[in-house]
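Survey of secondary and tertiary structure
Now for the letters of each chain:
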Amino acid sequence: MPATADDVAPNEWECKVFIAVADHGSYLAAAEHLSRQIGRSYTRRAVNQVIKKIEAWLKTPPFEGTHSQKKLTPAARSSARPR
């Protein structure tokens, strides 16, 4: 059976986006941080799209909270731990 998009692990950039949201606590703050890091505009919407892809891959939401205050869910926290 061929792999679907949901089966493909996040790439390096997507992992950086995930970490930025975890570190900065919101999609907007993560987008602003990433924009400074890459030297061009990166939007909250782009962050949201990456997080949706990661959610499909994890098969569970990686963050909980309001749009302005995100924190890792227990499932995402355990998935993020080194093995």
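Everything here concerns the structure above.
Residue numbers here run from 1 along each chain, matching the order of that chain's written sequence. Where totals are concerned, whole chains, interfaces and linings use all residues; where local detail is concerned, this predicted model gives features only for residues with pLDDT of at least 70, and gives and counts side-chain atom pairs only at 80 or more. Each side-chain value is derived from all of the structure's non-hydrogen atoms; neither hydrogens nor water enter the calculation.

1. Here we look at the nonpolar core
Note on terminology: a nonpolar core comprises buried Ala, Val, Leu, Ile, Met, Phe, Trp, Tyr and Cys residues joined through side-chain atoms within 4.5 Å. Only protein chains enter the calculation, and the probe is 1.4 Å; a residue is then buried if its accessible area is under 20% of its type maximum, exposed if over 50%, and partly exposed in between. Counting 18 residues, the largest nonpolar core has Val17, Phe18, Val21, Tyr42, Val47 and Ile51 as the members making the most contacts within it. Secondary structure is summarised from DSSP: a helix means a run of H or I of at least four residues, a strand means a run of E of at least two, and numbering begins at the N terminus for each. Where this core is concerned, the elements lending two or more residues are α1 (12-24), α2 (27-38) and α3 (44-58). By the convention used here, residues are in contact when the closest approach between their heavy atoms is within 4.5 Å. Valine 21 has contacts with Ser26, Tyr27, Ala30, Val47, Ile51, Phe63 and Lys70, leaving out every residue within four places of it along the chain.

2. A short note on the pairing of strand β2 (residues 69-72)
Regular strands place side chains that alternate from one sheet face to the opposite one. Burial along β2 is one-sided: the residues Lys70 and Leu72 are buried and none of Gln69 and Lys71 is. Paired strands are those between which DSSP finds at least two bridges. Pairing of strand β1 (residues 63-66) with β2, which is carried by four bridges, proceeds in the antiparallel orientation. Residue phenylalanine 63 lies in a different strand from β2, and its bridge partner there is leucine 72. The turn joining β1 and β2, which pair antiparallel and follow one another in sequence, is formed by two residues.

3. Here's the deal with the packing of aromatic side chains
The description of two aromatic rings rests on the distance between their centres and on the angle between their planes. Stacked, edge-to-face and tilted are the three classes for Phe, Tyr and Trp ring pairs, Trp counted by its six-membered ring, which pair at centre distances within 6.5 Å; planes under 30 degrees apart are stacked, over 60 edge-to-face, the rest tilted. For the coordinates displayed, the defined rule picks out two aromatic pairs. Considering the side-chain rings of tryptophan 13 and tyrosine 42, the 5.3 Å spacing of their centres and the 80° angle between planes classify their relative orientation as edge-to-face. You can see tryptophan 13 sitting in helix α1 and its partner tyrosine 42 sitting in the loop between α2 and α3, a full 29 residues away along the chain. In this structure tryptophan 13 comes out as partly exposed when scored by relative accessible area, which is 26%. Here the aromatic rings of phenylalanine 18 and phenylalanine 63 are separated by 5.3 Å at their centres, their planes lie at 45°, and the arrangement is tilted. Placement of the pair is phenylalanine 18 in helix α1 and phenylalanine 63 in strand β1, with a sequence separation of 45 residues. The exposure classification of phenylalanine 18 matches that of phenylalanine 63, with both residues buried. Ring-over charges, as used throughout, are those where CZ of Arg or NZ of Lys falls within 6 Å of the ring centre and within 35 degrees of the ring normal. Sitting over the face of the ring of tyrosine 27, lysine 70 holds its NZ or CZ atom 5.1 Å from the ring centroid.

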